[in-house]
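Take a look at the letters that make up each chain.
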Amino acid sequence: MRKANVLMDRDFAIGHTDPRLFGAFVEHLGRCVYGGIYEPGHPTADKSGFRGDVLALVRELGPTIIRYPGGNFVSGYNWEDGVGPVDRRPARLDLAWFSTEPNKFGTNEFIDWCKAAEVEPMMAVNLGTRGGDAARNLVEYCNHPGGSAWSDLRRAHGWEKPHNVRFWCLGNEMDGPWQMEHKSADAYGTIAREAAKMMRWVDPTIELAACGSSGRNMPTFGQWEDAVIEHTFDHAEYISLHTYLNNYKQDAASFLASSDLMDNFIDEVVALADAVAAKRRSSKRMMLSFDEWNVWYRTRRNRADRVKEGWPVAPSILEEIYTMEDALAFGGACISLLNHADRVRTACLAQLVNAIAPIMTETGGSAWRQTIFFPFAHMSRLGRGKVLRTQVESDTYDSSYFDPRGIQEFTFPVSNVAYLKIAAVAGEAGGLSLFMLNRDLKQEMEVSLEARSFGRLIVSEALELCHDDLQATNTRDAAGRVKPEPLQGVAIDGTRMRATLKPASWNVVHLSAQ
Ligand code: AHR
């Protein structure tokens, strides 16, 4: 049996989790919108066509903010196509996913859906084929109360009150050659700055995120941030970053180590942002918007394959079926985000339904939870509060991680991977939530933990997610194959806790103040 010791103190904090850390993402991609959140005629659909079974699962998952409408899709999107009488909206070829976009669902429907799901909207503007003018018009359409052409158009469309969208992304992955009208860092930085200025002149209360690198292995990573932050420093509050973990090499130990590279990526982007601040002698700290993250590799498609399929509406693409092993790597990513709560203020699980998603549906049929649903739901429900610094003594291993995403293939060393990956969050009510990943594939782990400066604690909830078969999945006909079970035998004596974690397991313990 492996052993790990953990020490923390209630007064030693990393930072408070921003509610927006628990966000997700809805793109016009495959069946995420059509057949996912929106399916008029479905037995559970309401009068707006929103699937009730999906809404119920979204509420259980617990996202707080939803990014929309892309993703790669946004870089060719004319937002005007998605508003106004539905029967007069044009169908367009979407060059991001080689689909036909019917535009039956657009900005106003998204806002209504957010209200139904009780989440905040996050909107991205098109800085690929469009620019600052379309972006400022969209802000006016959404947020201006009335008395101007675009705001009155919204009112004429049936939405009298402004949508008050606070958080806006200045384009998407503009560093990637796969993006429509991909740009150099200077070209993008200039457009992002000018769009940001005008958008904020229309509504001074908005918050803005500039595009950082779409992956740590992009050849321009670092230089891209440096140039883009130089351009946008005075105009944006956030710089974005994206990561998709993979197990192409079918090497579980490396896969479970890979979330540690997210920690490195975050630290590096913080350093890059703070270097720009230092050059200006500025005390402003740009925050990080990790607005796409997940496991994704089995259903990646190249453009040549997409073209062969013609131009379908809402095709079943990117429908990754997640395994137990994926849920573990994903849990490691949750812990990385929590442990950087001081700078990562926004994060979006990409995506929400069907396309690389925690929720799967059958068009016309049922909806169910994928394996990755559970770590996210745990993190959102129990991760609100003050993230504590943890001092961890755990055996480690060395590994390497193959990452072909982007335009270059890299193999990164991942050293000193602690078998125990942990985050600890002190809640306002005096309790403590522990998120623990045992990355040993073979051995149980005995965790001894001391939570200093807490009063007497009692175990109020203890759950584990594990399965004998790391390739186990949840499917329509076996929707509960992988699900959390009670974690037995958690012992607590005052502020000292002892727990035994199964090999390859995700564990959540909530301790309440007595
Ligand atoms: O989430 C799927 C895609 O991944 C997004 O559209 C894009 O931004 C990223 O490359």
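Residues numbered from 1 in each chain as written. Predicted model: local features only at pLDDT ≥ 70, side-chain atom pairs only at ≥ 80, totals over all residues. Heavy atoms only, no water.

## Let's talk about the domain arrangement of the protein
Alright, step 1. With domains assigned, the protein is organised as domain 1 (2–10 + 387–513) and domain 2 (18–126 + 167–174 + 184–194 + 207–384).
Alright, step 2. Computed from C-alpha coordinates alone, the two centres of domain 1 and domain 2 are separated by 25 Å.
Alright, step 3. Here domain 1 and domain 2 share an interface that buries about 4,300 Å² over both sides, 64% of which is from carbon and sulfur atoms.
Alright, step 4. Between the two partners, domain 1 and domain 2, sit five salt bridges.
Alright, step 5. With its nearest N and O atoms 2.8 Å apart, the salt bridge here joins R381 to E461.
Alright, step 6. Run the count over domain 1 and domain 2 and you get 21 residue pairs in polar contact (both at pLDDT 80 or more).
Alright, step 7. Breaking the side of domain 1 that touches domain 2 down by element, the ones donating at least two residues are β17 (396–403), β18 (410–418), β19 (420–426), β20 (432–438), β22 (457–465) and β26 (505–513).
Alright, step 8. Examining the composition of the side of domain 1 that touches domain 2, we find that six residues originate from one element, β17, more than from any other.
Alright, step 9. A breakdown of the residues in the side of domain 1 that touches domain 2 according to their chemical character gives 30 nonpolar, 13 polar and eight charged. (Domains from an automatic or database assignment. Buried area = accessible area lost by both parts, 1.4 Å probe. Salt bridge = Lys/Arg side-chain N within 4 Å of Asp/Glu carboxyl O. Polar contact = N/O pair within 3.5 Å; in protein donor to acceptor, adjacent residues only side chain to side chain. Helix = DSSP H or I, 4+ residues; strand = E, 2+ residues; numbered from the N terminus. Nonpolar A, V, L, I, M, F, W, Y, C, P; charged D, E, K, R; others polar.)

## A short note on the sheet that holds β20
Alright, step 1. Strand order in the open sheet made by the seven strands is β2-β15-β19-β20-β26-β22-β23, with antiparallel pairing throughout. Two strands bound the open sheet, and with one partner strand each, they are β2 (13–16) and β23 (485–486).
Alright, step 2. Summarising the sheet, β22 and β26 pair through eight bridges and their orientation is antiparallel. Its bridge partner being in β26, A462 is matched across the sheet by V509.
Alright, step 3. Along the sheet face, helix α10 (residues 324–338) touches β15 (386–388), β19, β20, β22 and β26 and points at about 50 degrees away from the line of β19. (Pairing = 2+ DSSP bridges. Contact = heavy atoms within 4.5 Å. Axes fitted to C-alpha atoms, helices over the stretch in contact; angles between N-to-C directions.)

## Some remarks on the packing of helix α5 (residues 185–202) against helix α6 (residues 223–232)
Alright, step 1. Following both chains from N to C, one finds α5 and α6 inclined at 25 degrees, their axes separated by 8 Å at the closest point. When the interaxial angle is binned, α5 and α6 end up roughly parallel. At the point where α5 passes α6, the crossing takes the right-handed sense. On α6, the residues that touch A185, D186, Y188, G189, T190, A192 and R193 of α5 are W224, A227, V228, H231 and T232. (Parallel < 35°, antiparallel > 145°, perpendicular 65-115°, else oblique. Left-handed = near helix turned anticlockwise from the far one by under 90°.)

## A few points about the pairing of β22
Alright, step 1. Where β22 meets β23, two bridges bridge the pair, whose relative direction is antiparallel. Residue pairing across strands places L463 opposite P486, the latter belonging to β23.

## With respect to a nonpolar patch on the surface
Alright, step 1. A cluster of nonpolar side chains, L93, L95 and W311, forms an exposed patch at the surface whose accessible area comes to about 290 Å².
Alright, step 2. Topologically, L93 is positioned in strand β5 (residues 92–94).
Alright, step 3. Classification of L93 as exposed rests on a relative accessible area of 54%. (Patch = residues over 30% accessible without salt bridge, like charges linked within 9 Å, V, L, I, M, F, W, Y side chains within 5 Å. Areas by Shrake-Rupley, 256 points an atom, 1.4 Å probe, with all protein chains shown as cover. Buried < 20%, exposed > 50% of the residue type's maximum accessible area, 1.4 Å probe, protein only.)

## A short note on the sheet that holds strand β16 (residues 391–394)
The pairing of strands in a sheet comes from backbone hydrogen bonds and takes either a parallel or an antiparallel form.
Alright, step 1. If you walk across this open sheet you meet the five strands as β16-β1-β21-β25-β24, and the pairing is mixed. Looking at the sheet topology across the chains shown, the edges are occupied by β16 and β24 (491–493). In this sheet, adjacent strand axes meet at a mean angle of 15 degrees when their direction is disregarded.
Alright, step 2. Sheet topology places strand β21 (residues 445–452) next to strand β25 (residues 496–501); six bridges connect them, and they run antiparallel. Pairing of E450 across the sheet is with R496, part of β25.

## Points about the environment of K183
Alright, step 1. Secondary-structure assignment places K183 in the loop between β8 (167–170) and α5.
Alright, step 2. Note on K183: relative accessible area 11%, which makes it buried.
Alright, step 3. Once you skip the residues sitting within four places of it in the chain, K183 turns out to touch L127, G128, M174, Y188, I191 and W224.
Alright, step 4. A distance of 3.2 Å separates the side chain of K183 from the backbone oxygen of G128, its partner in a polar contact.

## Observations regarding the packing of helix α1 (residues 52–61) against helix α11 (residues 373–382)
Alright, step 1. Put simply, α1 and α11 touch, their axes get as near as 8 Å, and they point 55 degrees apart. As far as their axial angle goes, α11 and α1 are oblique. Together, L57, E60 and L61 of α1 and F373, F376, A377 and S380 of α11 make up the contact between the two elements.
Alright, step 2. Looking at the contact of α1 with α11 residue by residue, the class counts come to five nonpolar, one polar and one charged.

## Quick notes on the nonpolar core
Alright, step 1. Formed by 172 residues in total, the largest nonpolar core has its most connected members in W113, W168, L170 and W293.
Alright, step 2. Looking at this core element by element, the count peaks at ten residues for α10.
Alright, step 3. There are two domains that each give this core at least three residues, and those are domain 1 (2–10 + 387–513) and domain 2 (18–126 + 167–174 + 184–194 + 207–384).
Alright, step 4. Filtering out sequence-adjacent residues up to four positions away, W168 remains in contact with M123, V125, L138, V139, C142, N143, M199, I206, E207, L208 and A209. (Core = buried A, V, L, I, M, F, W, Y, C linked by side-chain atoms within 4.5 Å.)

## Remarks on the pattern of salt bridges
Alright, step 1. Going through the model one piece at a time under the given rule, you end up with 41 salt bridges.
Alright, step 2. In this structure, R20 engages E207 in a salt bridge whose closest nitrogen and oxygen atoms are separated by 2.8 Å. Of this pair, R20 sits in the loop between β2 and β3 (23–25) while E207 sits in strand β9 (residues 207–210), and the two are 187 residues apart along the sequence.
Alright, step 3. E268 is the salt-bridge partner of R216, the closest N and O atoms lying 2.8 Å from each other. Placement of the pair is R216 in the loop between β9 and α6 and E268 in helix α8 (residues 259–279), with a sequence separation of 52 residues.
Alright, step 4. Classification of E268 as partly exposed rests on a relative accessible area of 27%.

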